[in-house]
Amino acid sequence: MITINLINYITGMINLYGYIDFDFLETQYYRIFNIEKSSNLNIIKDISDIVHKQSDFILEDKFIVDKIIYNDKDDFSNFLNLISNKPYYILDKKDIENYSNICYIETNEYVVGLEKYIKSIVNKKDDYINEFLLLITNIARKENNIDKMIKIFNKSFIIPNNPKHIAIINKYLIAICNHSRKWINRGYTSNDVHSGEKNKESQFHHLMEKSYVKDVKIGRNDPCLCGSGKKYKKCCG
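I will try to describe carefully the structure that is included in this document. (Residues numbered from 1 in each chain as written. Predicted model: local features only at pLDDT ≥ 70, side-chain atom pairs only at ≥ 80, totals over all residues. Heavy atoms only, no water.)

### Brief notes about the overall build of the protein
Right, so step 1: Of the regular secondary structure elements, the protein holds 10 helices and three strands.
Right, so step 2: Reading the protein from its N end, one meets helices and strands in the order α-β-α-α-β-β-α-α-α-α-α-α-α.
Right, so step 3: The buried share of the protein, taken over its 237 residues, is 46%.
Right, so step 4: For the protein, contacts bridging at least 24 residues in sequence account for 62% of all contacts bridging at least 6.
Right, so step 5: Surface accessibility of the protein: about 13,600 Å² in total, with carbon and sulfur atoms responsible for 47%. (Helix = DSSP H or I, 4+ residues; strand = E, 2+ residues; numbered from the N terminus. Buried < 20%, exposed > 50% of the residue type's maximum accessible area, 1.4 Å probe, protein only. Contact = heavy atoms within 4.5 Å. Areas by Shrake-Rupley, 256 points an atom, 1.4 Å probe, with all protein chains shown as cover.)

Right, here's the structure in full:
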């Protein structure tokens, strides 16, 4: 029998990973919901029944795939090759609840910080800002595309032409991209893995801080753009 828990579970897993294979999906289901594996339960059949009714998911061999990353079989094979040596971030019940909600904004200190900063420099309603945050956190997780995040920001807001604002927004957007759970990292953030990587040529796409919103030139003895009050060369320089 299909349960609402199972529907939420599949949706949460796909929203976090972008795809999932049946074996991992079944194993983690028993673990997360603390259910003893039984021959009386046919989780795989129930999962297949659910996926067939979901227009956003595709069944490909032993995998369930989000349509965003499935243009064709070769494209999906390339994606699998990119992630084949990466471990899964292991979810808990709270993760399932969060990622099964289409309106879930993956919140961390940088998302909260950007929200507060936007409210301090532009006059926009909370709902408008929340829609923006939902969009960029989804882009960070599903596409890992900082350039697209920047374009969405520039399209959404007209900010005062002040180098300090530009520098701070740059830092927030890059930090959000680095601290968001990603499909390309099997649910880990780039920062999770980068902090433990000794190899500078990390495969986890950790972004360094640089100007993406707009080029800002500053002298080494000028005040730092971050607003610390220190000279640039002794702060962010």
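Picking up where we left off.
### Observations concerning the nonpolar core
Right, so step 1: Counting residues in each nonpolar core, the largest one holds 37 residues, and the members touching the most others are Tyr9, Ile10, Met13, Tyr19, Ile20, Ile47 and Ile64.
Right, so step 2: Among the elements of the structure, α1 (4-17), β1 (19-21), α2 (22-32), α3 (43-52), β3 (63-66), α4 (73-83) and α5 (93-99) are those that each provide at least two residues to this core.
Right, so step 3: When residues of this core are assigned to their parent elements, the largest contribution, seven residues, is made by α1.
Right, so step 4: Contact partners of isoleucine 64, with chain neighbours within four places excluded, come to Ile14, Gly18, Tyr19, Ile20, Phe22, Leu25, Ile47, Val51, Phe57, Ile58 and Leu59.
Right, so step 5: Judged by nonpolar contacts, the second largest core, of 28 residues, contains Ile105, Leu114, Leu173 and Ile176. (Core = buried A, V, L, I, M, F, W, Y, C linked by side-chain atoms within 4.5 Å.)

### What about the sheet that holds β3?
Strand pairing in a sheet is mediated by backbone hydrogen bonds. Such pairs are either parallel or antiparallel.
Right, so step 1: One open sheet holds the three strands; their spatial order is β1-β3-β2, and the pairing between them is antiparallel. Strands with a single pairing partner mark the edges of an open sheet, and in this sheet they are β1 and β2 (57-60). Across the sheet, the mean angle from the axis of one strand to that of its neighbour is 20°, orientation sign disregarded.
Right, so step 2: Each of β1, β2 and β3 is contacted by α4, which is oriented at about 80° to β1, the strand it contacts most. (Pairing = 2+ DSSP bridges. Axes fitted to C-alpha atoms, helices over the stretch in contact; angles between N-to-C directions.)

### Regarding the side chain of glutamine 28
Right, so step 1: With respect to the helices and strands, glutamine 28 occurs in helix α2.
Right, so step 2: A relative accessible area of 9% places glutamine 28 in the buried class.
Right, so step 3: The contact partners of glutamine 28, leaving out residues within four places of it in the chain, are Tyr9, Met13 and Ile90.

### Observations concerning the pattern of salt bridges
Right, so step 1: A full pass over the atoms with the stated rule returns five salt bridges.
Right, so step 2: For glutamate 115, the salt bridge identified is with lysine 119, shortest N-O distance 3.3 Å. On the criterion of helical spacing, the pair formed by glutamate 115 and lysine 119 is a turn pair, its members being four residues apart in helix α6 (residues 109-121).
Right, so step 3: Salt bridges sharing partners connect three or more residues here, namely Glu115, Lys119 and Asp126. (Salt bridge = Lys/Arg side-chain N within 4 Å of Asp/Glu carboxyl O.)

### Here's the deal with the pairing of β2
Right, so step 1: The sheet contact formed by β2 and β3 spans four bridges and is antiparallel. When the bridges of β3 are listed, phenylalanine 57 appears paired with aspartate 66.
Right, so step 2: In textbook terms, the turn of a hairpin is the stretch between consecutive antiparallel strands, and for β2 and β3 this stretch comprises two residues, one of which, aspartate 61, has a positive phi near 60°.

### Points about α6
Think of an α-helix as 3.6 residues a turn; residues three or four steps apart then line up on the same face.
Right, so step 1: In this model, α6 (13 residues) spans 19 Å end to end at C-alpha, consistent with the 18 Å of a helix rising 1.5 Å per residue.
Right, so step 2: Taken together, the buried positions of α6 are Val111, Gly113, Leu114, Tyr117, Ile118 and Ile121. Projected onto a plane normal to the axis of α6, the buried residues spread over an arc of 160° and lie on a single side. Seen from the open side of α6, the exposed residues pointing more than 90 degrees away from its buried face are Glu109, Lys116 and Ser120.
Right, so step 3: Where α6 is buried, its residues meet α7 (126-142), α8 (146-156) and α9 (163-178).
Right, so step 4: Its side-chain oxygen at 2.9 Å from the backbone nitrogen of tyrosine 110, asparagine 108 defines the N-terminal cap of α6. (Expected span 1.5 Å × (residues − 1). Arc of directions from axis to C-beta. Polar contact = N/O pair within 3.5 Å; in protein donor to acceptor, adjacent residues only side chain to side chain.)

### Quick look at the packing of aromatic side chains
Right, so step 1: On inspection of all chains with the given rule, the structure shows 19 aromatic pairs.
Right, so step 2: Measuring from ring centre to ring centre gives 5.5 Å for phenylalanine 63 and phenylalanine 76, while their planes differ by 75°; the resulting arrangement is edge-to-face. Taken together, the residues span a long stretch of sequence, with phenylalanine 63 in strand β3 and phenylalanine 76 in helix α4 at a distance of 13 residues. Summarising the burial analysis for this pair, phenylalanine 63 and phenylalanine 76 share the class buried.
Right, so step 3: With a centroid separation of 5.8 Å and 65° between ring planes, the pair formed by phenylalanine 132 and phenylalanine 153 is classed as edge-to-face. Here the residue phenylalanine 132 occupies a position in helix α7, and phenylalanine 153 occupies one in helix α8, the gap between them amounting to 21 residues.
Right, so step 4: Overall, the relative accessible area of 1% leaves phenylalanine 153 in the buried class.
Right, so step 5: Taken together, the aromatic side chains of Tyr9, Tyr29, Tyr30 and Phe33 make up a single cluster linked through ring pairs.
Right, so step 6: The positively charged end of arginine 181 is found above the aromatic ring belonging to tyrosine 89, 3.7 Å away from the centroid.
Right, so step 7: Arginine 186 extends its terminal NZ or CZ atom over the ring of tyrosine 88, reaching a point 4.4 Å from the ring centre. (Phe/Tyr/Trp six-rings, centres within 6.5 Å; stacked < 30°, edge-to-face > 60°. Lys NZ or Arg CZ within 6 Å of the ring centre and 35° of its normal.)

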